[in-house]
Amino acid sequence: MIFQIRAARGFLRWSIKDLAEKSGISWPTIQRLEQEDGIPNTKAQTLLDVKKALEIAGIDFTGEPDDSPGVVFRKSS
């Protein structure tokens, strides 16, 4: 998940602060999530909130966090 969150932010050109504002999660929490390997040790709702914010912005998650993780950016028309 760490790589997917970072890659998604890169596609969107979002800072950690941008993602924090869009997801309603504090920036220290986002920063901590991005520093962990594999699936972050946090509440499931936190990950769902981050994922939802990224998906609303046009990100599709591919693979599984521990098997071929990736993201695709859907440009809005």
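The structure under discussion appears in the preceding block.
I will try to describe carefully the structure that is included in this document.

With respect to the packing of helix α1 (residues 2-12) against helix α3 (residues 27-35)
No. 1: One way to put it is that α1 packs onto α3 with a least axis distance of 7 Å and a crossing angle of 120°. Taken as axis vectors, α1 and α3 run oblique relative to one another. Every residue of α3 that contacts α1 at I2, I5, R6 and R9 is listed here: L33, E34 and Q35.

Some words on the side chain of S23
No. 1: Relative to the helices and strands, S23 is located in helix α2 (residues 16-23).
No. 2: Given the relative accessible area of 11%, S23 is considered buried.
No. 3: Of the polar contacts made by the side chain of S23, one reaches the backbone nitrogen of I25; its length is 3.3 Å.

What counts as what
Residues numbered from 1 in each chain as written. Predicted model: local features only at pLDDT ≥ 70, side-chain atom pairs only at ≥ 80, totals over all residues. Heavy atoms only, no water. Axes fitted to C-alpha atoms, helices over the stretch in contact; angles between N-to-C directions. Helix = DSSP H or I, 4+ residues; strand = E, 2+ residues; numbered from the N terminus. Parallel < 35°, antiparallel > 145°, perpendicular 65-115°, else oblique. Contact = heavy atoms within 4.5 Å. Buried < 20%, exposed > 50% of the residue type's maximum accessible area, 1.4 Å probe, protein only. Polar contact = N/O pair within 3.5 Å; in protein donor to acceptor, adjacent residues only side chain to side chain.

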